[in-house]
Amino acid sequence: MTSLLVLGGARSGKSRHAQARIEAVPGRLAFIATAQAFDAEMDERIARHQADRDVRWTTIEAPLDLAGALGRAGQEAEAVLVDCLTLWLSNLILGDEDVAARTEELLAALAICPVPIAFVANEVGMGIVPDNALSRRFRDEAGRLNQRLAQEVDEVVFVAAGLPLALKGAGKFAAG
């Protein structure tokens, strides 16, 4: 199993980069979606992402139980894309979940995942200090989650303006 973490800002091209890397794997592919559509605009975003994937893809919705979804996907597909960790983290915080425990569950699931996997996450710590406690907690938790995952995966890429920059293990992620 090889693993990849793709980081970047909003509209940086991180999802497109991760999807292209996973699509290099032959066979069935699993997309683990963490987003929840609470409004029409998010419905449209989700529909656009779905339209970008061909018939090889199966979508698994996992707004909270990402570790469980990863276990299922690893048995049903030849490669897995998780998009995105940042929305998953939002769901955990707003659902009053234990972020540290859920992160440990995710890392345990990653360690036993039998197929290539790519994670997408926003890098949110490059801006100003947020003005409220919830936003600061989110920023801090996102930074910790990204650091923990970056330690465990084989390759880390940062995408800015659609351009990938290798941060760790360039080329270690093997497609298939």
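Provided above is the structure to which this section pertains.
Here goes a summary of the coordinates provided. (Residues numbered from 1 in each chain as written. Predicted model: local features only at pLDDT ≥ 70, side-chain atom pairs only at ≥ 80, totals over all residues. Heavy atoms only, no water.)

All right, on to the pairing of strand E6 (residues 155–160) then. In terms of burial, E6 is a largely internal element, 5 of the 6 residues being buried. Of the strand pairs in this sheet, strand E1 (residues 3–8) and E6 are connected by 5 bridges, and their pairing is parallel. The partner of leucine 5 across the bridge, within E6, is valine 156. (Buried < 20%, exposed > 50% of the residue type's maximum accessible area, 1.4 Å probe, protein only. Helix = DSSP H or I, 4+ residues; strand = E, 2+ residues; numbered from the N terminus. Pairing = 2+ DSSP bridges.)

Another point: the sheet that holds E6. The strand order across the open sheet built from 7 strands is E3-E2-E4-E5-E1-E6-E7, with neighbouring strands paired in mixed fashion. Sheet topology places strand E3 (57–61) and strand E7 (163–168) at the edges, where each strand pairs with a single neighbour. Here the strands of the sheet are splayed against their neighbours by 20 degrees on average, with no regard to which way each runs. Direction of pairing for strand E4 (residues 79–83) relative to strand E5 (residues 117–122): parallel, over a ladder of 4 bridges. Looking at the pairing, aspartate 83 lines up with valine 120 of E5. Sheet strands in contact with helix H1 (residues 14–23) are E1, strand E2 (29–33), E3, E4, E5, E6 and E7, and its direction is about 180 degrees off that of E5. Helix H6 (residues 133–152) rests against E1, E5, E6 and E7 of the sheet, and its axis sits at about 145 degrees to E1. (Axes fitted to C-alpha atoms, helices over the stretch in contact; angles between N-to-C directions. Contact = heavy atoms within 4.5 Å.)

Now for the pattern of salt bridges. Evaluated as defined, the whole model comprises 9 salt bridges. Of the charged contacts, one joins glutamate 78 and arginine 28 as a salt bridge, the two residues approaching to 3.1 Å between their closest N and O atoms. With glutamate 78 in the loop between helix H3 (66–76) and E4 and arginine 28 in the loop between H1 and E2, this pair connects stretches of sequence that are 50 residues apart. Overall, glutamate 78 belongs to the partly exposed group, its relative accessible area being 29%. Salt-bridge contacts for glutamate 141 lead to arginine 137; the nearest nitrogen and oxygen are separated by 3.7 Å. Taken as a pair, glutamate 141 and arginine 137 lie in helix H6 at a separation of 4 residues, close to a single helical turn. The network of salt bridges with shared partners includes Glu97, Arg102 and Glu105. (Salt bridge = Lys/Arg side-chain N within 4 Å of Asp/Glu carboxyl O.)

Another point: unusual backbone geometry. For the bond from aspartate 83 to cysteine 84, the omega torsion is 5 degrees, close enough to zero to count as cis. Tracing the chain through its elements places cysteine 84 in the loop between E4 and helix H4 (85–94). Of note, aspartate 96 is a non-glycine position whose phi angle comes to about 55 degrees, a positive value. With respect to the helices and strands, aspartate 96 occurs in the loop between H4 and helix H5 (99–112). By relative accessible area, which is 68% here, aspartate 96 ends up exposed.

Another aspect to go through is the environment of valine 99. Of note, valine 99 is situated in helix H5. Taking C-alpha positions, valine 99 is 8.9 Å from leucine 145, a pair spaced 46 residues apart along the chain. The residues contacting valine 99, other than those within four sequence positions of it, are Leu89, Leu92, Ile93, Arg137 and Glu141.

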